[in-house]
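Chain by chain, the residues run as shown.
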Amino acid sequence: MAISHGYIELADSLSSCKVLVVGAGGIGCELLKNLVLTGFKNIEVIDLDTIDVSNLNRQFLFQKKHVGKSKAQVAKESALQFCPSANITAYHDSIMNPEYNVEFFRKFMLVMNALDNRAARNHVNRMCLAADIPLIESGTAGYLGQVTVIKKGMTECYECQPKPTQKTFPGCTIRNTPSEPIHCIVWAKYLFNQLFGEEDADQEVSPDTADPEAAWKPEDTAARATASEKDGDIKRVSTKDWARSTGFDAVKLFNKLFKDDIMYLLTMDKLWKKRKAPTPLDWQQLEDSARPQEETPGSGLKDQQVLGVWGYCQLFQHSVETLSSHLQEKGEGAELVWDKDDPPAMDFVTAAANLRMHIFSMNMKSRFDVKSMAGNIIPAIATTNAVIAGLIVLEGLKILAGEVETCRTIFLNKCPNLRKKLLVPCVLDPPSANCYVCASKPEVTVKFNVHKTTVLALQDRILKERFGMVAPDRKNCKTFFGYYYYLCVVRLHELEHDVEFEVVGEAPDKAPTPPSNQEEANSITNGNKDSAQPSTSSKAEDDSDDVMIVDSDEEEAASSATAKPAPSSGTKRKHSDAETGETSTKRPRTTQQSSAAADNDDDDDIIALD
């Protein structure tokens, strides 16, 4: 059978071209294996992570003996067993480090993303645009997946369409009036940081006396918040300072958090006129009532069992003792970092969250469910990763064959669509004229009060947080990214009272509007409605004391989208099916599926698709 000249040229191109794989997790392992088996000979792979035992169910280049080692290095060694002649370079490092600048990216003919967070995706997107190198972006969320191609001047970049913002709750909801299990889980994670990690004023867990809904006078009612006689009066001091003064005594800590603080909340009587009031817990009473009948283990997997109240009390005590011991071992001034894969840390959050759920009349959750919500995990499915990795290589072959115009955005569905397809290719969209990242002149206009906004706020809140800049100064932007951004500042004396700054052409960056049916929102009792609004008044939503649900390091989750949500105008974007030519509306296909998530290692390869 004759072999076409084009095929021979493509085969030669595979053996000579240099490609970069960013990420060596679920998709990255499958991708690296596919590349060497397809004939790619010069591959560089970078990943900052190390192998955890929970990776082994789907990251098949790793074995139990590799736990604790560099993902990139072990992936390289395993891939070479498929093709010993391949030249693979591994970097155990962050792709966002300055040494991986635009000159580094220009070494490659093609970059393939297998990332797990939005910040890194943004960064690689900008580097590839600056270097004018094609980028294949990908991601999975459970059974759903997506692959798309980004080429400067031809297609939309990763940031052309706004991504859904991560959900936030007012601080007074977390501290005073939780109505959903996730509120208690967030509170427990903040409590971990207050006790054992880096203290953050925005993550306070004590009752919020500034709650605008409470509208009380502390000097008139503080005396009613009686502390336990055993522990003496507990003053309103930092949780960490108080815990240290007790030597991290688990029983005293329990009585402060779950008895005294709750009794203090009860003095804010206006909070409980339309809500069921919380019920304080007392360690001694619980211990006395638990003695006749000890906790008996339930049936099923341990992580999927829901313990009784005394069971979570014991778990709380054991985890506090273990974590305080770890803290002492690290020495003076040391801090622990919360990790859902660290058993004592996960035990602590599970116990504290469930005890708070019980206090506020919610059904308690299993360790499995708490971990899913705390880590914001969507199950990572091995077969989904394999399909997406295969599609990445197919799109890469089109690019190397000089057929970029035939590349597609491909969606992997959980169920066949009306045309009985699981894989749906869509024509790539052209660049957005309003994108400040890939426009020919990257320019953005921001409105803010120049008399009130500090230089630090400009750097941190606007340049770094809002625009995702790593090194926001003139020298570093040119050296690192290879190009400048032009920031046009509109000088204003005042914006709306709840708006810190506004990017021209976008909706104001402010808190969400209160629910339209205020009567229904106010009548919701604790934990009995899944879609309940944060249990604070509409006034509370004007407060800037909002708190994030998910970690910054694990901010990927479902909100780390590679897909492009609909424009802010609310109109649906139509996309042509590449085979039939028919137009179809891309619609949101994944949501925050906290309770249905798997007990796995990270937010690996997770995106929000539409």
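Note: the structure precedes this text.
Below is a summary of the structure that appears in this document. It should be emphasised that the depicted structure is a prediction, and the values quoted were computed from it without experimental measurement.

**Considerations on the packing of helix H11 (residues 283-290) against helix H12 (residues 309-330)**
Moving on, step 1. Between H11 and H12, the shortest axis-to-axis distance is 10 Å and the interhelical angle comes to 120°. It follows that H11 is oblique to H12 by the angle criterion. Here H11 runs over H12; the crossing is left-handed. Two secondary-structure elements touch here, H11 through Trp-283, Leu-286, Glu-287 and Ala-290 and H12 through Val-309, Trp-310, Cys-313 and Gln-317.
Moving on, step 2. When the residues that make up the contact of H11 with H12 are grouped by side-chain class, the tally is six nonpolar, one polar and one charged.

**Examining helix H14 (residues 367-374)**
Moving on, step 1. With respect to burial, H14 is a largely interior element, eight of its eight residues being buried.
Moving on, step 2. All of the buried residues in H14 are Arg-367, Phe-368, Asp-369, Val-370, Lys-371, Ser-372, Met-373 and Ala-374.
Moving on, step 3. Where H14 is buried, its residues touch helix H7 (181-196) and helix H13 (343-359).

**Notes on the pattern of salt bridges**
Pairing is possible between side chains of opposite charge, provided their charged atoms come close.
Moving on, step 1. For the structure on display, the rule yields 14 salt bridges.
Moving on, step 2. For Asp-49, the salt bridge goes to Lys-71, with nearest N and O atoms at 3.4 Å. Separated by 22 residues along the polypeptide, Asp-49 in the loop between strand E2 (42-46) and helix H3 (71-82) and Lys-71 in helix H3 bring together distant segments of the chain.
Moving on, step 3. Take Asp-49: its relative accessible area is 31%, and that puts it in the partly exposed class.
Moving on, step 4. Using a relative accessible area of 1% as the deciding quantity, one classes Lys-71 as buried.
Moving on, step 5. Its salt-bridge partner being Lys-259, residue Asp-282 comes within 3.0 Å of it at the nearest N-O pair. One end of the pair, Asp-282, is in the loop between helix H10 (250-266) and H11; the other, Lys-259, is in helix H10, and 23 residues separate them in sequence. Here the two residues Asp-282 and Lys-259 agree in accessibility, since each one is buried.
Moving on, step 6. Several salt bridges share partner residues, and in doing so they unite Lys-18, Glu-44 and Lys-107 into one network.

**Let's talk about the nonpolar core**
Moving on, step 1. The biggest cluster of nonpolar side chains holds 60 residues, and the ones touching the most others in it are Trp-187, Phe-196, Phe-254, Phe-258, Phe-316, Phe-348 and Leu-355.
Moving on, step 2. Elements represented by at least two residues in this core include exactly H7, helix H9 (239-245), H10, H11, H12, H13 and H14.
Moving on, step 3. In terms of residues, this core owes the most to one element, H7, which gives eleven residues.
Moving on, step 4. Once you skip the residues sitting within four places of it in the chain, Phe-258 turns out to touch Trp-187, Pro-280, Leu-281, Phe-316, Ala-352, Leu-355, Arg-356 and Ile-359.
Moving on, step 5. Of all hydrophobic cores here, the second largest spans 45 residues; its members include Leu-31, Ile-43, Met-112 and Cys-407.

Cut-offs used in this document
- Residues numbered from 1 in each chain as written.
- Predicted model: local features only at pLDDT ≥ 70, side-chain atom pairs only at ≥ 80, totals over all residues.
- Heavy atoms only, no water.
- Axes fitted to C-alpha atoms, helices over the stretch in contact; angles between N-to-C directions.
- Helix = DSSP H or I, 4+ residues; strand = E, 2+ residues; numbered from the N terminus.
- Parallel < 35°, antiparallel > 145°, perpendicular 65-115°, else oblique.
- Left-handed = near helix turned anticlockwise from the far one by under 90°.
- Contact = heavy atoms within 4.5 Å.
- Nonpolar A, V, L, I, M, F, W, Y, C, P; charged D, E, K, R; others polar.
- Buried < 20%, exposed > 50% of the residue type's maximum accessible area, 1.4 Å probe, protein only.
- Salt bridge = Lys/Arg side-chain N within 4 Å of Asp/Glu carboxyl O.
- Core = buried A, V, L, I, M, F, W, Y, C linked by side-chain atoms within 4.5 Å.

Interpretation in functional terms is not warranted from these geometric data alone.
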